[in-house]
Each structure stands twice: as C-alpha cells, then as structure tokens.
Amino acid sequence: MPYLTLTIAIPILGALLIALWPRLCSKTIRNISLAATILPLIFSIIVFAGFDRSAAMNGVIQFSEKISWIPLINANYSLGVDGVSLPFLLLTTLLGFLVILISWKIDLRVREYFAWILLLQASITGVFLSQDFLLFFIFWELELIPMYFLIAIWGAGRREYSALKYVLYTLLGGAFILAGILVLFFGTGSLDMAYLASADLTGLLAPGMLALAFVFFFLGFAIKLPVFPFHTWLPDAHTDAPTAVSVVLAGTLLKMGGYAMIRVNAAMFPDEALTFAPFILVLAVISIVYGGAVTLKQTDIKRLIAYSSVSHMGFVLLGIFALGHLSMIGAALQMVSHGIITGLLFAITGVVMHNTHERSIPLLGGLTHQMPRAAVIFILGGLGAMAVPATSGFIAEVWTFIGAFSSGVVPGIEIYTIFSLLGILLAAAYILWTVQRVFFGQPLPKFAKVKDADRVEGLFAVIFVIAMFVIGLYPRILTDVFEGGIKPIAALFGAS
C-alpha cells in the first residue's frame, strides 16, 4: 500500500470534499476533517513501526514511491523516508490530528477554514517526504496559500499585515531555494535528492558554484527556521494567527527549515558547511541570547511564546552546525520536542485567551482559581520549555549541548556552546515570570465567571503532555531512528 502518498492525498481529498460538496453542516465538516487527519496518523504509525532500524539500512530511503513525472528535466514524483524524515512525518500527522481538535470551536466560515487546514497539513507532510527537489519546492511553496488565508481571515489584530509579511518573507526564502536548486540542476542534471546527497558534487560543480548554492539554500531555510536577523515575521505571524495555526507554525512549519538544513546543507555540501559553520554558529548564539532576552520584555502572552521559539531554534542551529554526530541528533530531537512543547503552550494559551478575552500579561492574574486545569497544563508545558528532567526538552537540550561541546569538528565550538547555555537561564526566567503573573496571585473579580478547559481541550492537552514525557523518559523511541539517518551525514565530517 502506498502509505506515504496516502498521508498526503487523504487531507487533500478531505479538503476538496469539504470545499466542493454542497450543503455540508459544520458538524459533518469537522468529522470529515477529523477522519482526514486520523487516517494519515495511523499510516505514519504503521510506517514508523515497519521502518528498518538496522545498521545496514543507515541512510537508506525506505517505503519509496517513485513515478516518472517530467522526463524532460528528470523530475519524478518521488517519496520516501529515512531516519531524518520519519520522526517529522509522525510529528506532522500527530499535530494535524490535534489541530482539528484545537479548531473544534471555530464557527466562522467553517467550510473554508477546515479546507485550508487540511491543505496546509498535506503540503507540510509533502516537504518531509519529497525525494525530488522540484516536488520538495512545490510543497514548500504550497503551504503559503493556506497560511495566508488562515492568518488573514481567522486571525486577530493586524492579521492582514502579518499574513502579507509572512508571505513576503517566505517568498523571498523560496526564491533563494529555487536559485540553489537551479545551480544544482544545471551542474548535475539531477533533481534526485538522494542521489545528490550521495554524489561527490566537487567533481560536478566548481567550488564557487558549490559555495553559492550552499548560501542560497541556507538563506532560504534560515528564513523559515527562523534565524536572526530573518526572524521578524515570526512574532507577528504567531501573535495574529488563530491558535491552531500558531500550533502548526511552531510545531512543524519552523521545522521545515531545520530539517532542510540537515538534508541539504549538511548532507550535500559538507565542505561548505565546515567553511561557513563559524559564521552560522555566531548567528545561532545571537538567536539564542537575543531571542531569550527579547522574550523577557514581552507583555503579550502569544508574542512571548513566539519569541521563545527564536531562542529555541537557535539551539537547533547550534546542534546542526556543530557538525557532530550527537549534536545533529540533538538538534533533530530538539525540533520534535519543541514542536510538542510549544504546540502545547500555544494550544493552552489559546484556551486562556478565548475564555478570558485577554492576552496582555499585566492584565491577567490569579487564574489558578478559575482555570486550575489550564494552569496545570501550562505549567507542565513550561517545565518542558525550561528543560526540566523527564521532559523531552531536557533530553533534547542535554543531547544538543553535550554533542556540540564535544563534536570537535568546528574550531572553538566549546566557546559557542558555553555562550549558548545562557538560553537555558533565560528560558527559566521568562517561563517562571509568566506563570507567576498569569496564574498566581490574588484572583481578579473580572475573571470570576471564567470557565476552565473543557473535555476536548483537556484531551488534546493530555496527548501533548504524554508525548512530551514519553520522549523525555524513553528518548530511544526517536533517537534510534534519527541515528540511522544522521550517522552517514555525520561521517562526512569525520564522526564514527
């Protein structure tokens, strides 16, 4: 059975059904959306269970599906998973299912909303599964359309400005990626990502062209991650997006950038990655410290979580461009962990905002009295963001820092790592400060009749929390998979 195609096709079919079938009621639309995300989740679990983790299959693309598409340019409809992409497939389908639950109370233009959400889910899944650069680029750009409408129509505040800003930044990134693809294609005649990762490109392209392609790809992916100074679209998009879209944005969209850096920049351009690593690591440290420091100044609770993502994605950049075996696994684990923890924080923050009709931290307070379930859930998510032991945040950050400090591939990596540790202190400061001001203190009379999280909100929160602790207590469930994909890439830099 073509499981990978089905994980993309079912949400698209669901979106078409919702968009075109006349006279569907809101309840039916929600149920179709739920079915169109549950099935891909089940298929991704089947793929995860059937994935061969043996050493002989390290770096090998599994569950391949390949059909000739445009022979004139050697473009193929080519899907597959390896140890790098498989956990992101699982993360994307899991969050896709949870996003439907988070969206359950949407009552504005229900038909359009769920159609766009399903199309967004399909496009992100396609990015992680594509093994052909043209297909990868089409899915990469496709997510722009639903994201624009979801923010511009169902968002808040300056939603049209934020949606347009997101599109312009992403289009700029897409232009850089397309330029990189063209440099590779005209030099090698191939769009096959697996072939390009295994080929010796130094024999096919001049050193200057390889460096140019590396820079083009890095800029495109750095805008998506995002990396300082390309991050300014993120706080606006998060602040004004509806809750479910913020969850997708933090949970999987940002991860497209980090995933692509491993898949393309590190795997295809090892010499250039080593050359540019010191400069990129400076950006990583700035993102961590600047992102954490700016987070402390935020008074809007969604904007606070958004800026914290800039800091945490700095950890990812540090792990990738430390170019060590453990550091890259740590970076990949950090991406999955951040997707779960920040997804949880955005989801429960949405509940708080919806029930209190307030998002300004100075105007909130004492909510443990009216919203004890929401308070417990937010605190648990906060423990993950602070990297408290037993949470996925802890094991991901430990793995990243130990791996980066000991990688020995980039000169002076110990210094970059030590400065990056400031991010842990800053995370503890802004999470504890937020919990104290929002949930503790004297209860405010204006919130006396505020309702707590209901059953559906409790259900998706529990799933997030379980995932966070399962990874934190048994990280091998993911690291054994990442190992198979990253070990051949790390070997390019001398790691055994």
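Every chain is numbered independently, its residues counted from 1 as its sequence is written. pLDDT decides what is reported in this predicted model: residues at 70 or higher carry local features, side-chain atom pairs at 80 or more are listed and counted, and totals for whole chains, interfaces and linings draw on all residues regardless. Each side-chain value is worked out from all heavy atoms of the structure, with water and hydrogens disregarded.

**Student:** Mind showing me how you'd approach the overall build of the protein here?
**Tutor:** Going along the chain from the N terminus, every DSSP run of H or I of four or more residues is numbered as a helix, and every run of E of two or more is numbered as a strand. Along its length, the protein carries 20 helices and two strands. Against the compact-globule benchmark of 23 Å for 496 residues, the protein has a radius of gyration of 21 Å, which places it among compact chains. C-alpha atoms of the protein, sized along the principal axes, occupy 70 × 60 × 40 Å. Considering the protein as a whole, with its 496 residues, one finds that 60% of them fall into the buried category. A contact between two residues is defined here by any heavy atoms of the two lying within 4.5 Å. Pairs at least 24 residues apart make up 82% of the contacts formed inside the protein by residues separated by at least 6 positions. Surface accessibility of the protein: about 17800 Å² in total, with carbon and sulfur atoms responsible for 71%. Radius of gyration: C-alpha atoms only; globule rule: 2.2 Å multiplied by the number of residues to the exponent 0.38. Burial here depends on accessible area, computed with a 1.4 Å probe over protein chains only, as a share of the maximum for the residue type. Under 20% is buried, over 50% is exposed, and the range in between is partly exposed. Methods summary: accessible areas were calculated by the Shrake-Rupley approach with a probe of 1.4 Å, and residue burial reflects only the protein chains presented.

**Student:** Looking at this structure, how should I read the pairing of strand S1 (residues 62-70)?
**Tutor:** A regular strand carries its side chains on alternate faces of the sheet. Here, a strand pair is defined by DSSP locating no fewer than two bridges between the strands. Strand direction decides the pairing type here: S1 and strand S2 (residues 75-81), joined by six bridges, are antiparallel. If you follow Ile67 over to S2, its bridge partner there is Tyr77. Where S1 folds back onto S2 in an antiparallel hairpin, the turn is made up of four residues, including Asn74, whose phi is positive at roughly 60°.

**Student:** Sorry if this is basic, but what is going on with empty space enclosed by the protein here?
**Tutor:** Rolled over the atoms, a probe with the dimensions of a water molecule shows which regions are left empty. The distinction between a cavity and a pocket rests on a 1 Å grid over the protein atoms alone: a 1.4 Å probe fits inside a cavity but cannot get out, while a pocket stays open yet meets protein on both sides within 12 Å along at least five of seven lines, and a residue with an atom within 4 Å of a point counts as lining. Grid points are joined across faces, edges and corners, and a volume is the space filled by probe spheres set on the points. All chains considered together, the criterion is met by three cavities of 30 Å³ or more. By volume, the largest cavity amounts to about 120 Å³. Lining the largest cavity are 17 residues, with His312, His338, Ile341, Thr342 and Ala385 positioned closest to its centre. Where the lining of the largest cavity is concerned, the elements lending two or more residues are helix H13 (301-321), helix H14 (325-356), helix H15 (372-385), helix H16 (392-407) and helix H18 (422-439).

**Student:** For this particular structure, what's the right way to read the layout of surface pockets?
**Tutor:** A volume near 680 Å³ is recorded for the largest pocket. Lining the largest pocket we find 28 residues, and of these Ile106, Pro242, Thr243, Gly350 and His354 sit closest to its centre. Where the lining of the largest pocket is concerned, the elements lending two or more residues are helix H6 (144-154), helix H10 (233-240), helix H11 (243-268), H14 and helix H19 (455-473). A per-element tally of the lining of the largest pocket places H14 first, with five residues. Residue classes follow a fixed rule: Ala, Val, Leu, Ile, Met, Phe, Trp, Tyr, Cys and Pro count as nonpolar, while Asp, Glu, Lys and Arg count as charged, and any other residue, Gly among them, counts as polar. Its residues assigned to classes, the lining of the largest pocket shows 14 nonpolar, seven polar and seven charged. Estimates place the volume of the second largest pocket at around 350 Å³. What lines the second largest pocket is a set of 16 residues, among which Leu90, Leu94, Ile340, Ala467 and Ile471 lie closest to the centre.

**Student:** Help me understand the packing of aromatic side chains, please; the structure alone is not making it clear to me.
**Tutor:** Two aromatic rings, taken as a pair, are described by how far apart their centres are and by the angle between their planes. In this analysis, rings of Phe, Tyr and Trp, with Trp reduced to its six-membered ring, are considered paired at centre separations within 6.5 Å, and the interplanar angle assigns stacked below 30 degrees, edge-to-face beyond 60, and tilted for intermediate values. One pass over the structure, following the stated rule, counts 26 aromatic pairs. Ring geometry for Phe214 versus Phe269: centroids 6.3 Å apart, planes at 80°, classification edge-to-face. Of this pair, Phe214 sits in helix H9 (residues 207-224) while Phe269 is found in the loop between H11 and helix H12 (270-296), placing the two residues 55 residues apart along the sequence. With respect to class, Phe214 is no different from Phe269; both count as buried. Among the aromatic residues, those joined into a cluster by ring pairs are Phe133, Phe136, Trp140, Phe214, Phe217, Phe218, Phe221, Phe269, Phe276 and Phe321. For a lysine, the NZ atom is tested; for an arginine, the CZ atom; a charge sits over a ring if that atom is within 6 Å of the ring centre and within 35 degrees of the ring normal. Geometry around Phe48 places Arg53 over its ring, the cationic atom sitting 4.8 Å from the centre.

**Student:** I keep staring at unusual backbone geometry and nothing clicks. Help me out?
**Tutor:** A negative phi angle characterises most non-glycine residues, just as the trans form characterises most peptide bonds. Residue Pro226 follows Leu225 across a cis peptide bond; omega there is -5°. By secondary structure assignment, the location of Pro226 is in the loop between H9 and H10. In the segment running from Phe228 into Pro229, the intervening peptide bond is cis, with an omega of 10°. Take Pro229: it is sitting in the loop between H9 and H10. Positive phi, close to 45°, is recorded for Arg109, a residue that is not glycine. Along the chain, Arg109 falls in the loop between helix H3 (86-102) and helix H4 (110-129). The class of Arg109 is partly exposed, set by a relative accessible area of 42%.

**Student:** Honestly, H6 in this entry has me stumped. Any pointers?
**Tutor:** The periodicity of an α-helix, 3.6 residues per turn, causes residues three or four positions apart to be oriented the same way. Along H6, eight of the 11 residues are buried, which leaves the element largely enclosed by surrounding structure. All of the buried residues along H6 are Leu144, Pro146, Met147, Leu150, Ile151, Ala152, Ile153 and Trp154. Buried residues along H6 sit against H4, helix H5 (133-142), helix H7 (159-188), H10 and H11.

**Student:** Could you clarify how one ought to interpret the UniProt feature "domain: NADH:quinone oxidoreductase/Mrp antiporter transmembrane" (unreviewed entry) in the protein in this entry?
**Tutor:** When the UniProt feature table is mapped onto this chain numbering, "domain: NADH:quinone oxidoreductase/Mrp antiporter transmembrane" (unreviewed entry) sits at residues 130-418. Its end C-alpha atoms 36 Å apart, residues 130-418 is made of 78% helix and 0% strand. UniProt positions are given in the numbering used here, feature names are shortened, and annotations may be inferred rather than shown by experiment.

**Student:** Sorry, what's going on with the environment of Ser78 here?
**Tutor:** Its location among the elements puts Ser78 in strand S2. In sequence terms Ser78 and Leu281 are 203 residues apart; their C-alpha atoms lie 33 Å from each other. With residues up to four places along the chain from it excluded, the contact list for Ser78 reads Glu65, Lys66, Leu129, Ser130, Gln131, Asp132 and Leu135.

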